[in-house]
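The residues making up each chain are set out below.
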Amino acid sequence: MARLGLERTVVDTAVYERTVARFRETGVLLPTIGQLKDPSTIPAVIREKLASVDPDSPHPLNLFRVHWFNDAARSGLSDVPGYLELPSALTGVKARIVLALGNRFPMINAHKVLPAYGCLVPRLVTGQFDPVRHRAVWPSTGNYCRGGVAISRILGCHGTAVLPENMSRERFDWLDKWVLDPADIVRTPGSESNVKEIYDTCAALDRDPDNIIFNQFCEFGNYLIHRYCTGAALETVYQALKKSRPGARLAAFVSASGSGGTLAAGDHLKQKFGTRIVAVEAAECPTLLENGFGEHNIQGIGDKHVPFIHNVMNTDMVAAISDRYTDRLLVLFNTEVGRRYLVERQGLAVELVAALANMGLSSLCNMLAAIKTARYYDLGAEDIVLSVATDGAAMYGSQLDKTIKRDFAANFDAVAAGETWGMALAATTTDNLLEMSMVDRKRVFNLGYFTWVEQQGVSLPEFMARSSQSFWDGLEEMVPAWDRMIGEFNEKSGAAAAFAA
Ligand SMILES: Cc1ncc(COP(=O)(O)O)c(C=O)c1O
């Protein structure tokens, strides 16, 4: 299982000792996963020092901000993760649709910095990544490779992003500022759903033993950090919502799937509250729904395969959303004309309309899928559908301009705003939905065989183990084991003593 990131003892002592020595020089302290789950446990001395650190700077202490509990200023802590509750006047359904805000994460303004840490830190403390010799390669369609570059850089490791050349300009602008060498941005052909091309590039890079590929689609660090940290964060949001309405029920957790990492939070919520898990993809690339394929623009999701870390047999529903709607809603929610329409015509509060900018393309996709879910299950006012806004609209300014030119003849006026509201939001129905029967779950699970066993060389027993829930539940034991190792590592590097109160 070494390549899947499931080691819990030191694999290579020489590498481990070199890594400790490197961290002794740099003085970087590693947070435990437990601290990221509950940042109130981060020692006061660190929290005080953090107050003067810019959340978007490449400062090692920003590791202690890689969690859901950053406040609106992104400098201090909040008791409850930031969230956006969408009223019925917007969604057209009675259920409360609530999205946790990913753009409060440091450095990349998106939640993918969390799984990047979740994948790298177990490798560091088990002697599988040598910061002196190795290069961390981060393949993704956007935010994960930015998260990986940010985490590598602040840990003093060499990081390289591999991503399709047609991802949003904002992502490349960010990468240009953060990589130390322009050669560390590797552009592959295509766009969002061209993951095969990313794999091919990574297979070539993998021939060099100094490159370590952090494949988010099969790294269990990605699954675990979301199950543990995102799961707990969403539970805190739910408890906060319940305070004002004690009868509230957590009816569903909805998440668009890229690597399937975020969906792991659903495993936690389902175990605790019986919450249904809804996996979402682009209607233009309906891999889970129809074993389909295709191009789309919901950046960050829907990559024409079933990720290895997606717990398919625990998935209750699959929903597909068209990028025609997410592209257009981005325009409606983030232009002056659109905002005026929402306030004056639809009567939405000015503050709410301003807050809609917290949703990037995949967040809008989550919102629409949550509405579909609420409609399908006839959810009422006591029901909560939780989801995440993985990043905000700020990452897609260039996409917005493209859509205005392409879909609105370069003139997004009040009529176009009304049409967009009608077609992309108010008309949301229960089409492109599948409540998963046992046969459906097996069909999707088995589809993964072709990617993972036939193409990527995972053994059949490793593949099949994932059909049982005890496998996924058992993974949780890894977290305390890794946290113990992180603690020992910090002791050995001397960083723990340096930060002692
Ligand atoms: C913007 C955006 N939304 C959604 C996702 C999907 O998250 P996950 O990979 O955890 O399934 C990603 C992943 O990169 C993303 O960047």
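Shown above is the structure to which this text applies.
(A) Quick peek at the sheet that holds strand β5 (residues 185-188). Here we have four strands laid out as an open sheet, ordered β5-β4-β3-β6, and parallel in their pairing. Each of the sheet's edge strands pairs with one partner strand only, and the pair in question is β5 and β6 (211-213). Each strand of the sheet is rotated relative to its neighbour by a mean of 25 degrees, with strand direction disregarded. In the sheet, strand β4 (residues 158-164) pairs with β5 via four bridges, with the strands oriented parallel.

(B) Structural view of the site of the ligand. Around the ligand sit 19 residues, and of these Asn143, Gly258, Gly261, Gly300 and Ser362 come closest. Along the lines of polarity and charge, the residues of the shell around the ligand split into three nonpolar, 14 polar and two charged.

(C) Spotlight on the packing of helix α13 (residues 336-345) against helix α17 (residues 414-426). Close contact between α13 and α17 brings their axes to 9 Å; oriented N to C, the two are set at 70 degrees. With respect to their mutual orientation, α13 and α17 come out roughly perpendicular. Crossing geometry of α13 relative to α17 is assigned as right-handed. Of the residues in α17, those in contact with Val337, Gly338, Tyr341 and Arg345 of α13 are Ala414, Ala417, Gly418 and Trp421. Class assignment of the residues belonging to the contact of α13 with α17 gives a composition of five nonpolar, two polar and one charged.

(D) Representation of the environment of asparagine 366. Relative to the assigned elements, asparagine 366 resides in helix α15 (residues 361-376). Aside from chain neighbours lying at most four places away, what touches asparagine 366 is Leu99, Val254, Ser255, Ala256, Val280, Ser387 and Val388.

(E) Region of the structure containing the nonpolar core. Of all hydrophobic cores here, the largest spans 148 residues; its most connected members are Val113 and Val385. Valine 113 has contacts with Val66, Phe105, Pro106, Met107, Ile108, Gly147, Ala150 and Ile151, leaving out every residue within four places of it along the chain.

(F) Fine view of the sheet that holds strand β10 (residues 383-389). The sheet built from seven strands is open, its strands ordered β1-β2-β10-β7-β8-β9-β11 with mixed pairing. Both outer strands of the open sheet, β1 (83-86) and β11 (433-435), are each paired with one neighbouring strand and no more. Strand after strand, the sheet turns through a mean of 20 degrees between neighbouring axes, direction not considered. As judged from the four bridges shared by strand β7 (residues 249-256) and β10, these two strands associate in the parallel manner. The residue bridging leucine 250 from the neighbouring strand is isoleucine 384, located in β10. Sheet strands touched by helix α9 (residues 220-244): β1, β2 (96-101), β7 and β10. Its angle to β2, the strand with the most contacts, is close to 135 degrees.

(G) Structural detail: unusual backbone geometry. For alanine 410, which is not glycine, the phi torsion reads 60 degrees and is therefore positive. Along the polypeptide, alanine 410 turns up in the loop between α16 (397-407) and α17. Phi at asparagine 432 takes a positive value of approximately 55 degrees, unusual for a residue other than glycine. Its location among the elements puts asparagine 432 in the loop between α17 and β11.

(H) Expanded view of helix α18 (residues 438-455). Between its terminal C-alpha atoms α18 stretches 26 Å, which fits the 26 Å expected from 18 residues at 1.5 Å a residue. Along α18, the largest kink reaches about 30 degrees and is centred on tyrosine 449. If you check which residues of α18 are buried, you get Val444, Thr451 and Trp452. On the buried face of α18, the contacting elements are α11 (287-290) and α19 (460-465). Taken from the residues just after α18, glycine 457 is the one with a positive phi, measuring 75 degrees.

(I) Here's a closer look at the packing of helix α6 (residues 143-154) against helix α7 (residues 169-178). Two elements in contact, α6 and α7, have axes whose closest approach is 10 Å; the angle formed by their N-to-C orientations is 15 degrees. One element, α6, and the other, α7, form an angle in the roughly parallel class. Between α6 and α7 the crossing geometry is left-handed. Where α6 abuts α7, its residues Arg146, Val149, Ala150 and Arg153 lie against Arg171, Trp174, Leu175 and Trp178. Residues that form the contact of α6 with α7 fall into these classes: five nonpolar, no polar and three charged.

(J) View of the environment of lysine 492. Residue placement: lysine 492 occurs in helix α21 (residues 478-493). When the 17 C-beta atoms within 10 Å are taken as the criterion, lysine 492 is described as partly exposed. Along the backbone, lysine 492 and alanine 21 are 471 residues apart, and their C-alpha atoms lie at a distance of 8.7 Å.

(K) Looking closely at the pairing of β2. Among the six residues that make up β2, six are buried, leaving the element largely enclosed by the rest of the structure. Side-chain alternation along β2 places Arg96, Val98 and Ala100 on one buried face and Ile97, Leu99 and Leu101 on a second face that is also buried. Of the strand pairs in this sheet, β1 and β2 are connected by four bridges, and their pairing is antiparallel. Note on β2: the bridge partner recorded for glutamate 85 is valine 98. Both β2 and β10 contribute to a ladder of six bridges, which runs parallel. Counterpart to valine 98 in the pairing with β10 is leucine 386.

(L) Geometry of α15. Look at α15: 23 Å from first C-alpha to last across 16 residues, which is about the 22 Å you get at 1.5 Å a residue. Burial runs high along α15: 14 of the 16 residues are buried. Looking one or two residues beyond α15, the residue adopting positive phi is aspartate 378, at roughly 55 degrees.

Cut-offs applied
- Counting restarts for each chain: residues are numbered from 1 in the order of the written sequence.
- Note on the predicted model: pLDDT of at least 70 is required for a residue's local features to be given, and 80 or more for side-chain atom pairs to be given and counted; whole-chain, interface and lining totals, by contrast, use all residues.
- Pairing between strands is defined by DSSP: at least two bridges between the two strands are required.
- Strands here are runs of E lasting at least two residues and helices are runs of H or I lasting at least four, both read from the DSSP assignment and numbered beginning at the N terminus.
- Simply put, an axis is a line fit to the C-alpha atoms, just over the touching stretch for a helix, and the angle between two N-to-C directions goes from 0 to 180 degrees.
- Near residues are defined by distance alone, with the backbone-placed C-beta atom required to lie within 6 Å of the molecule or strand.
- Residue polarity follows a fixed list, in which Ala, Val, Leu, Ile, Met, Phe, Trp, Tyr, Cys and Pro are nonpolar, Asp, Glu, Lys and Arg are charged, and the others, Gly among them, are polar.
- In what follows, roughly perpendicular refers to angles from 65 to 115 degrees, roughly parallel to angles under 35, roughly antiparallel to angles over 145, and oblique to any angle outside these ranges.
- Each crossing gets its handedness from the near helix: less than a right angle anticlockwise from the far helix is left-handed, clockwise is right-handed.
- Here, residue contact means that the backbone-derived C-beta atoms of the two residues sit within 7 Å.
- Nonpolar core, as used here: buried Ala, Val, Leu, Ile, Met, Phe, Trp, Tyr and Cys residues forming one set through C-beta atoms within 7 Å.
- Whether a residue is buried, exposed or partly exposed is read from the other C-beta atoms within 10 Å of its own C-beta, which are placed from the backbone; 20 or more gives buried, 12 or fewer gives exposed, and intermediate counts give partly exposed.
- Multiplying 1.5 Å by the helix residue count minus one yields the expected span of that helix.
- Note that the bend at a residue is defined as the angle between axes fitted to the seven residues ending at it and the seven residues starting at it.

Any functional reading would require information beyond the geometric quantities listed.
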